[in-house]
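The residues making up each chain are set out below.
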Amino acid sequence: MSNFTEKPIGKLFGLLPDGAAVQHYTLTNKKGMQLRVVNFGATITSLEIPLKDGKMVDVVLGFDNLEAYLKSFELEGAPYFGATVGRFAGRINNGTFNLNGESFQLNKNNNNHSLHGGNCGFSQKKWNLVSINLDNNPSVTLEYLSLDGEEHYPGALSVQLTYTLSEENELIIEYKATTTKDTIVNLTHHSYFNLDGHAKDIVNQKLFVNATKILETNNENIPTGKHLDLNNHSFDFSLPRECPKKIDNTFVLDDKKELAASLFSENNDLKCWFTRINQQFTFM
């Protein structure tokens, strides 16, 4: 008998200020990999991977309760732990863009710029449950309708997001968006990965990025439109190197290469691959 359902299956994670309930959903594959998602921001709160010694490690950062997630958006540098970012991930210079000869002024929430969707982007919205599958390759699908003019973006944008755990220890993130008007959209996932769990930093883990260029940015992290060559650059990860303590850069991936990046922990003998098919992470 299938465990597929369109009825809400989950545990109460907390209440939003307006009294709306936020649910916590858990997916587990046959190898024991376990994903927890809440429908506030379509956020991954934990991703536990079974290690070869039988222990489990949570490889993404998150909070234990809804109140902590809400308060995190009040911080000057909100971390967006595990959240879905939209309508537009990244910074839009001066909060303005032109489309079809028309100029649009967005809400500004990062100095003089619009960041990650504005004052209240998709990361701070309650998403609705569409379906959940608890059989092979368990998955959960959430949706959000962004009304025409929300944060001053044109068009009503309907977004469906599916998280899937394959039986090969893949986390697959798939997006589908439709709009009633020409608009701009740039959706992404915002987890912070640490293959050693929460107790250690990442500086001893080996990072590989399949790129030879990064975007040049100004002192406010706004892209200039130029690409910088990574040859002899401190962020050249074309060969695996130890992770830097801080990195907030956009790598230019080669469209012909499926593998985007990888991360390896010698401590846990755990490796993660990130591929360009949708957003797909494989843990071995």
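Below is a short write-up of the structure. (Residues numbered from 1 in each chain as written. Predicted model: local features only at pLDDT ≥ 70, side-chain atom pairs only at ≥ 80, totals over all residues. Heavy atoms only, no water.)

1. Considerations on the overall build of the protein chain
So, point 1. When you go through the protein chain residue by residue, the secondary structure sums to one helix and 23 strands.
So, point 2. Its C-alpha atoms give the protein chain a radius of gyration of 19 Å, near enough to 19 Å, the size a compact globule of 284 residues would have.
So, point 3. Referenced to the eigenvectors of the C-alpha coordinate spread, the extents of the protein chain come out at roughly 55 × 50 × 35 Å.
So, point 4. Out of the 284 residues belonging to the protein chain, those deemed buried represent 48%.
So, point 5. Taking the contacts inside the protein chain whose residues are at least 6 apart along the sequence as the reference set, 56% of them involve residues at least 24 apart.
So, point 6. If you sum the accessible surface of the protein chain, you get close to 14800 Å²; carbon and sulfur atoms cover 48% of it. (Helix = DSSP H or I, 4+ residues; strand = E, 2+ residues; numbered from the N terminus. Rg over C-alpha atoms; globule rule 2.2 N^0.38 Å. Buried < 20%, exposed > 50% of the residue type's maximum accessible area, 1.4 Å probe, protein only. Contact = heavy atoms within 4.5 Å. Areas by Shrake-Rupley, 256 points an atom, 1.4 Å probe, with all protein chains shown as cover.)

2. Observations regarding the nonpolar core
So, point 1. Leu35, Leu47, Val59, Tyr163, Leu171 and Phe283 are the most contacted members of the largest nonpolar core, which totals 45 residues.
So, point 2. The element contributing the most residues to this core is strand β13 (residues 157–165), with five residues.
So, point 3. Every residue in contact with Val59, bar those within four places of it in the chain, is listed here: Leu47, Ile49, Tyr192, Phe193, Asn194, Leu195, Leu270 and Phe283.
So, point 4. With 14 residues, the next largest nonpolar core counts Val38, Phe73, Tyr80 and Val85 among its residues. (Core = buried A, V, L, I, M, F, W, Y, C linked by side-chain atoms within 4.5 Å.)

3. Topic: the side chain of Asn169
So, point 1. Its location among the elements puts Asn169 in the loop between β13 and β14 (170–179).
So, point 2. Within the structure, the side chain of Asn169 is placed 3.0 Å from the side chain of Asn29, a separation counted as a polar contact.
So, point 3. Residues contacting Asn169, with those up to four places away along its chain left out, are Asn29, Lys31, Met33, Phe281, Thr282 and Phe283. (Polar contact = N/O pair within 3.5 Å; in protein donor to acceptor, adjacent residues only side chain to side chain.)

4. Examining the sheet that holds strand β4 (residues 43–50)
So, point 1. Taken together, the five strands give an open sheet; going across it, the order is β1-β2-β3-β4-β5, and neighbouring strands pair in antiparallel fashion. Edge positions in the sheet fall to β1 (11–15) and β5 (56–58), since each has one partner strand and no second. Adjacent strand axes in the sheet meet at a mean angle of 20°, parallel and antiparallel pairs treated alike.
So, point 2. Judged from the four bridges that link them, β1 and strand β2 (residues 21–28) form a sheet pairing that is antiparallel. Directly across from Lys11, in β2, lies its bridge partner His24. (Pairing = 2+ DSSP bridges. Axes fitted to C-alpha atoms, helices over the stretch in contact; angles between N-to-C directions.)

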